[in-house]
Amino acid sequence: MSAISRRRILVSIECDDRGKQALSWGRIVAAEIDGELVGVLQVMNTSAEHSRETAHEFAEQTATSARSWAAACGARLDDVCVVEGALEDELVELAGVDDLVVVGVDHQVGATGWALGSLPHELAHHLACPLVLIPPDEIPALGSQVIVGVDGSEANDQVVSWAKRFAQTIRCPLVAIYAREPIYETFDNAGNYGGEERHAVAEAQDDSVSLVEMTGEPEDVLRAYAHDHATFLTVIGVRDRGSLHGRLLGAVADHVIHEPYGPTAIIPDGLATTPEQ
């Protein structure tokens, strides 16, 4: 299995604690994969003059300020993209399928349990590359576990494949988490998995993956495991984009985006089928 080799780590620059944590995580990963660390900074030029020369000068000054802020945070930006449009639109336009977009978030995103309309939800809905959400907690040490949920679906195969390659690239152990339904805890049904459950278990039959089975709802199980083990990254996939006119991303993705615990990667549907470059 070939390792992931990403061109750029695109970090949304916000000069606050959320931005610092996103930058810290992006810096660690960029160093591990020898990638390009790029800051994306949204600004509004309020100058009355909007000539090409003044706009260029403004962008240069803003980029210099962003580099200085990043340096004060212990990171060196390889490039800075200064944008004036809506941040979600600009990031979607900038990011290629081989990139990684990193955004700092609060512990609770959006006003509803689905986080509809929030920046993370919009990005997860439209990006062609993985989106990583970084809440304002201490960044787990490199070498900590990467975890991925398994559910036995064909779409999940792609997510697990991406997680395997990512964990291999950054040299972190990978743990596959399967959330069992309570019915499989009963005496009569113990071990008698259905077809999807057997497929989920088979997904993790790999020397590079450890399987952990837990009882409960997938989003609760993943959050609990990430909390207990300070995981470097939790990997989940986007599903059911067609539901509610495409606004919902799947039960697990929507809930985790609303309330992420630790660094969390949202993998777009079909990403693993893209030819590697």
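Residues numbered from 1 in each chain as written. Predicted model: local features only at pLDDT ≥ 70, side-chain atom pairs only at ≥ 80, totals over all residues. Heavy atoms only, no water.

Caption draft 1: Fine view of the overall build of the protein. Counting secondary structure elements, the protein contains eight helices and ten strands. Burial statistics for the protein: of 277 residues in total, 49% are counted as buried. For the protein, the share of sequence-separated contacts (at least 6 apart) that also reach a separation of at least 24 residues comes to 80%. A total of about 13,000 Å² of accessible surface is found on the protein, and carbon and sulfur atoms cover 48% of it. (Helix = DSSP H or I, 4+ residues; strand = E, 2+ residues; numbered from the N terminus. Buried < 20%, exposed > 50% of the residue type's maximum accessible area, 1.4 Å probe, protein only. Contact = heavy atoms within 4.5 Å. Areas by Shrake-Rupley, 256 points an atom, 1.4 Å probe, with all protein chains shown as cover.)

Caption draft 2: Just the pattern of salt bridges, in detail. Taken as a whole, this structure holds nine salt bridges when the rule is applied. The residue Arg18 makes a salt bridge to Asp16 at a minimum N-O spacing of 3.7 Å. Among the residues examined, Asp16 registers a relative accessible area of 28% and is labelled partly exposed. Among the salt bridges present, the one from Asp78 reaches Arg76, with a minimum N-O distance of 2.9 Å. Since its relative accessible area comes to 31%, Asp78 is described here as partly exposed. (Salt bridge = Lys/Arg side-chain N within 4 Å of Asp/Glu carboxyl O.)

Caption draft 3: Fine view of the nonpolar core. Within the largest apolar cluster, 46 residues are counted, with the highest numbers of intra-cluster contacts made by Ile9, Trp25, Val146, Trp162, Leu233 and Val235. Apart from residues lying up to four places away in sequence, Trp25 is in contact with Leu100, Val102, Val132, Ile134, Ile139, Phe166, Phe232, Leu233 and Pro263. One finds Val40, Val101, Leu133 and Ala226 within the second-largest nonpolar core, a separate group that totals 31 residues. (Core = buried A, V, L, I, M, F, W, Y, C linked by side-chain atoms within 4.5 Å.)

Caption draft 4: Spatial organisation of the confidence of the model for the protein. Per-residue pLDDT for the protein has a mean of 80; in total, 76% of the residues score no lower than 70. Low pLDDT, under 50, characterises residues 186–192; the stretch is placed with five contacts to residues that sit more than four places away or in other chains. Segment residues 240–249: pLDDT under 50, and 29 contacts once partners within four positions in sequence are set aside and those in other chains are kept. (pLDDT = per-residue confidence, 0-100.)

Caption draft 5: A look at the sheet that holds strand E5 (residues 131–134). With respect to topology, ten strands assemble into an open sheet ordered E3-E2-E1-E4-E5-E10-E9-E6-E7-E8, the strand pairing being mixed. Two strands lie at the open edges of the sheet, namely strand E3 (79–83) and strand E8 (209–215), each paired on one side alone. Here the strands of the sheet are splayed against their neighbours by 25° on average, with no regard to which way each runs. As judged from the five bridges shared by strand E6 (residues 146–150) and strand E7 (residues 174–180), these two strands associate in the parallel manner. Residue pairing across strands places Val146 opposite Leu174, the latter belonging to E7. Of the strands in this sheet, strand E1 (8–12), strand E2 (36–42), E3 and strand E4 (100–104) touch helix H3 (residues 87–94), which is tilted by about 150° from E2. Here helix H4 (residues 119–126) sits on the sheet in contact with E4, E5 and strand E10 (264–267), set at roughly 160° to E5. (Pairing = 2+ DSSP bridges. Axes fitted to C-alpha atoms, helices over the stretch in contact; angles between N-to-C directions.)

Caption draft 6: Here's a closer look at the pairing of E7. For E7, the tally of buried residues reaches seven of seven residues, placing the bulk of the element in the interior. Here E7 shows two buried faces, one formed by Leu174, Ala176, Tyr178 and Arg180 and the other by Val175, Ile177 and Ala179. Handedness of the crossover is the feature at issue here: the chain leaves E6, passes through helix H5 (residues 154–170), returns alongside E7, and the resulting connection is right-handed. Looking at chain direction, E7 and E8 are connected through seven bridges and run parallel. Residue pairing for E8: Arg180 is matched across the bridge by Thr215. (Right-handed = clockwise from strand over helix to strand, strands pointing away.)

Caption draft 7: Geometry of the state of the cysteines. Considering all chains together, one arrives at zero disulfides under this definition. Free cysteine: Cys73, not disulfide-bonded; nearest cysteine sulfur from Cys15 at 7.6 Å. Judged by relative accessible area, which is 24%, Cys73 ranks as partly exposed. (Disulfide = S-S within 2.5 Å.)

Caption draft 8: Spatial organisation of the environment of Gln42. Relative to the assigned elements, Gln42 resides in strand E2. Take Gln42: its relative accessible area is 40%, and that puts it in the partly exposed class. Distance from Gln42 to Val83, taken between C-alpha atoms, is 4.8 Å for residues 41 residues apart in sequence. What Gln42 contacts, discounting residues up to four positions off in sequence, is Val83, Gly85, Ala86 and Leu87. At 2.9 Å, the side chain of Gln42 forms a polar contact with the backbone oxygen of Gly85. (Polar contact = N/O pair within 3.5 Å; in protein donor to acceptor, adjacent residues only side chain to side chain.)

Caption draft 9: View of the packing of helix H1 (residues 17–33) against H5. In contact at an axis separation of 9 Å, H1 and H5 are set at 80° when each is read in the N-to-C sense. What the angle tells us is that H1 and H5 run roughly perpendicular. For the pair H1 and H5, the contacting residues are Trp25, Val29, Glu32 and Ile33 in the first and Phe166, Thr169 and Ile170 in the second. By residue class, the composition of the contact of H1 with H5 is five nonpolar, one polar and one charged. (Parallel < 35°, antiparallel > 145°, perpendicular 65-115°, else oblique. Nonpolar A, V, L, I, M, F, W, Y, C, P; charged D, E, K, R; others polar.)

Caption draft 10: Main features of the environment of Ala63. Note on placement: Ala63 falls in helix H2 (residues 52–72). Ala63 sits 16 residues away from Asp79 along the chain, and the two C-alpha atoms are 8.5 Å apart. Once residues lying within four places of it in the same chain are set aside, the contact partners of Ala63 are Val80 and Val82.

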